[in-house]
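# Residue-level structural notes
This is what each chain is made of:
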Amino acid sequence: MTVHQDSPMPATARAHTRAPYADALATAAGRDSLFLSTPGHGGNREGISAGQADFFGDHTLALDIPPLFDGIDLGVDTPKDEALQLAAEAWGARRTWFLTNGSSQGNRMAALAIGTLGTGVITQRSAHSSFIDGIVLAGLNPRFVSPSVDEVNGIAHGVTPDALRHAIRMHPEKVTAVYLVTPSYFGAVADVAALAEVAHEAGAMLVVDAAWGAHFGFHPDLPASPVTLGADMVIMSTHKLAGSFTQSALLHLGDTEYADRLEPALARAFMMTASTSENAHLMASIDIARRELVNAEDAITDSLENIRHMRAQVEGTGRYRLLSGDFLSHPDVVDIDPFRLPIDITATGLDGHTIRKRLAEDYGIFAEMATATTLVALIGLGKSPDITPLLTALDELRDEHAATVDAAADDEAAVGTAAVEDAVEDTPVEIPPLPSAGDLVMLPREAFFAESEVVPAAEAAGRISVSSLAAYPPGIPNVLPGEEITAETVAFLQAVAASPSGHVRGSVDPGLESFRVVRYPHAGDSPL
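Residues numbered from 1 in each chain as written. Predicted model: local features only at pLDDT ≥ 70, side-chain atom pairs only at ≥ 80, totals over all residues. Heavy atoms only, no water.

### Brief notes about the nonpolar core
By size, the foremost hydrophobic cluster in this structure holds 94 residues, and its most contacted members are Val 178, Leu 206, Phe 339 and Leu 341. Taken domain by domain, the makeup of this core includes at least three residues from each of domain 1 (84-287) and domain 2 (306-405). Core analysis: the second largest hydrophobic core is formed by 34 residues, Val 121, Leu 140, Leu 262 and Leu 480 among them. (Core = buried A, V, L, I, M, F, W, Y, C linked by side-chain atoms within 4.5 Å. Buried < 20%, exposed > 50% of the residue type's maximum accessible area, 1.4 Å probe, protein only. Domains from an automatic or database assignment.)

### Re helix α1 (residues 20-29)
Burial analysis of α1 places 7 of its 10 residues in the buried class, the great majority of the element. When α1 is considered as a whole, its buried residues turn out to be Pro 20, Tyr 21, Ala 22, Ala 24, Leu 25, Ala 28 and Ala 29. As for α1, its buried residues are in contact with α3 (58-62), α4 (79-91) and α11 (280-294). (Helix = DSSP H or I, 4+ residues; strand = E, 2+ residues; numbered from the N terminus. Contact = heavy atoms within 4.5 Å.)

### Some details on unusual backbone geometry
Residue Pro 39 is bonded to the preceding Thr 38 through a cis peptide linkage, with omega at 0 degrees. Within the secondary structure layout, Pro 39 lies in the loop between α1 and α2 (50-56). For the bond running from Thr 182 to Pro 183, omega is 0 degrees, close enough to zero to count as cis. Locating Pro 183 in the fold gives a position in the loop between β6 (175-181) and β7 (188-189).

### Focus on the packing of aromatic side chains
Inspection of every chain in the model, using the stated rule, returns 7 aromatic pairs. Taking 5.3 Å as the distance between ring centres and 80 degrees as the angle between the ring planes, the aromatic pair formed by Trp 91 and Phe 218 counts as edge-to-face. Of the two residues, Trp 91 sits in helix α4 while Phe 218 sits in the loop between β8 (205-209) and β9 (233-236), which places them 127 residues apart along the sequence. On the basis of relative accessibility, which here comes to 0%, the residue Trp 91 falls in the buried class. Overall, Phe 218 belongs to the buried group, its relative accessible area being 2%. Three or more aromatic residues joined by ring pairs make a cluster, and in this case those are Tyr 185, Phe 186 and Trp 212. Just above the ring of Phe 144 sits the side chain of Arg 125; from NZ or CZ to the centre is 4.9 Å. (Phe/Tyr/Trp six-rings, centres within 6.5 Å; stacked < 30°, edge-to-face > 60°. Lys NZ or Arg CZ within 6 Å of the ring centre and 35° of its normal.)

### A short note on the side chain of Ser 248
Summarising the element assignment, Ser 248 is placed in the loop between α9 (238-241) and β10 (249-253). For Ser 248, a relative accessible area of 0% puts it in the buried group. With near-sequence residues (within four places) excluded, Ser 248 lies in contact with Leu 99, Ser 237, Thr 238, His 239, Leu 282 and Ile 286.

### Here's the deal with the sheet that holds strand β13 (residues 340-344)
Two pairing modes exist for strands in a sheet, parallel and antiparallel, and in both the strands are linked by backbone hydrogen bonds. Across the sheet, 4 strands lie side by side as β11-β13-β15-β14; this open sheet has antiparallel pairing. Edge strands, defined here as strands with exactly one partner in the open sheet, are β11 (321-322) and β14 (369-370). Pairing analysis gives 5 bridges linking β13 to strand β15 (residues 374-378), with the strands arranged antiparallel. By the bridge assignment, Ile 343 is partnered in β15 with Leu 375. Packed onto the sheet, helix α13 (residues 352-363) meets β14 and β15 and runs at close to 45 degrees relative to β15. (Pairing = 2+ DSSP bridges. Axes fitted to C-alpha atoms, helices over the stretch in contact; angles between N-to-C directions.)

### Some thoughts on helix α17 (residues 487-498)
End to end, α17 covers 17 Å across 12 residues, agreeing with the expected 16 Å (1.5 Å per residue, within 8%). Here α17 has its buried residues at Thr 489, Val 490, Phe 492, Leu 493, Ala 495, Val 496 and Ala 497. (Expected span 1.5 Å × (residues − 1).)

### Some points on a negative patch on the surface
A grouping of Asp 221, Glu 297, Asp 298 and Asp 302 is seen on the molecular surface, where their side chains present a negatively charged patch. Position of Asp 302 relative to the elements: it lies in helix α12 (residues 297-316). (Patch = residues over 30% accessible without salt bridge, like charges linked within 9 Å, V, L, I, M, F, W, Y side chains within 5 Å. Areas by Shrake-Rupley, 256 points an atom, 1.4 Å probe, with all protein chains shown as cover. Salt bridge = Lys/Arg side-chain N within 4 Å of Asp/Glu carboxyl O. Lys, Arg positive; Asp, Glu negative; His and termini not counted. Charge placed at Lys NZ, Arg CZ, Asp CG, Glu CD.)

### Overview of the domain arrangement of the protein
What the domain assignment lists for the protein is domain 1 (84-287), domain 2 (306-405) and domain 3 (442-516). In this structure, domain 1 and domain 3 have C-alpha centres spaced 25 Å apart. Facing 17 residues of domain 1, the contacting portion of domain 3 comprises 18 residues. Interface area lost by domain 1 to domain 3 is led by Arg 125, Ser 129 and Val 136, which between them contribute 39%. Along the contact surface separating domain 1 from domain 3 lie 2 salt bridges. (Buried area = accessible area lost by both parts, 1.4 Å probe.)

### Topic: the sheet that holds strand β2 (residues 120-124)
As summarised here, the arrangement of the 7 strands in space is β1-β10-β9-β8-β6-β2-β3, forming an open sheet in which the pairing is mixed. Each having just a single partner strand, β1 (95-99) and β3 (141-145) make up the two edges of the open sheet. Pairwise comparison of adjacent strand axes, ignoring direction, gives a mean angle of 20 degrees for this sheet. By the bridge criterion, 4 bridges tie β2 to β6 in an arrangement that is parallel. Within β6, the position partnered with Ile 122 by the bridge is Val 178.

### What about the packing of α1 against α11?
Look at α1 against α11: their axes get within 7 Å of each other, and the N-to-C directions meet at 135 degrees. Put simply, α1 runs oblique to α11. Across from Pro 20, Tyr 21, Ala 22 and Leu 25 in α1, the residues of α11 making contact are Ala 280, Met 283, Ala 284, Asp 287, Ile 288 and Arg 290. Split by residue class, the contact of α1 with α11 holds 8 nonpolar, no polar and 2 charged. (Parallel < 35°, antiparallel > 145°, perpendicular 65-115°, else oblique. Nonpolar A, V, L, I, M, F, W, Y, C, P; charged D, E, K, R; others polar.)

This is the structure we're talking about:
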């Protein structure tokens, strides 16, 4: 277990009781103004905007103020500038950008910035698909480091310093950047300080996808923020646990030896990836989330106490258990995020995808994600929900399934085995083990722009993918542009697509009946 650091709360604590961008936005919205500009609703309910106002509220329309507005973000030393500076101070960064296209924007920014240093990059194989998009955009030459994987439960964790060191040595060209993911989707935390040391020893910068860790460092019982542990660039989704609106996120530039080179590159990458009409609601939401985080120690303390009670409730059933208790046995995991509860639900007799779907449809309970054996419940920062309805629903689904199986067994005795298959409607889709990646035989950018064709799934094995294909959740690519498609990967993705809540991003069709591949593989002349 790592030693948790104190919050990176700056000396200017009084400033963090304010949200300067949000405050300025509210002031502007409160004026009796006549807008003869975009947005077309003009901040009021007149005309065809009445439906917008009825649905969202008049105040929401009034706050929808476009960029380059005097008193908000036009000029120098604006309220927006102050909000960005306060965010950098709060997370311990040299500079911070507000992202209104989510952490996906931050991942693409990171890839473009890496491209100014060189093309050789090591990326964790369980990286989000948006970073793979960035690899294509920037023309990077990736090689991969694999996280440890709990094969039984389908959970990918982090990487060890030794595994990273080996991956850097094996890259055919000079590695200029390393891209790692921590915390994981399930709450496992890697040793960022040690990984940063390995990267820096090799002359490479470290990018950390901490989309799930925006709350780290804001309470003594939480892991430290990776921004303070030596990472050169950190991407965070404040909307995931820190309370801001969906699609809002941050990119932090660490105060490291690479900062001088990265800062102008990130500024250019931001302009390329951000909308020129950034949404004011999202930016105000980030500003408010920062203010609340800095002042949230008591609320987080209460929430952590409730989570301890929730964990005891789960374990006390004798039927379900929390898998996070096993995480620290993995050599790449040094801590866990208490706000994620990965619950082993095998006692229900149903797979996690079916459970997640039934919970939403029949009980109005929405879990973050599922694997075949696991349901992940997410607790928002400072929240203290009652988990009893979830446990009650799991028991009811368990009892229902057991009764169905018993009835089917009685039918089998009377009319044959086929009756069992007809009666048990919740028989889970069998998802094969996570397949190994195919060989990377073309650069991702080269494959993406290559002439392509669509072939039936039966003919896809051995062909080179044009697309990035990622099973959702969690959105980790199983096939990259330029990789050879394997028969195992085809079977895996088709099974995911057929599962109750499965989806494959980038697929030609929902059932993965076809794959888009390079029309003429470049045998013998690939740059790899």
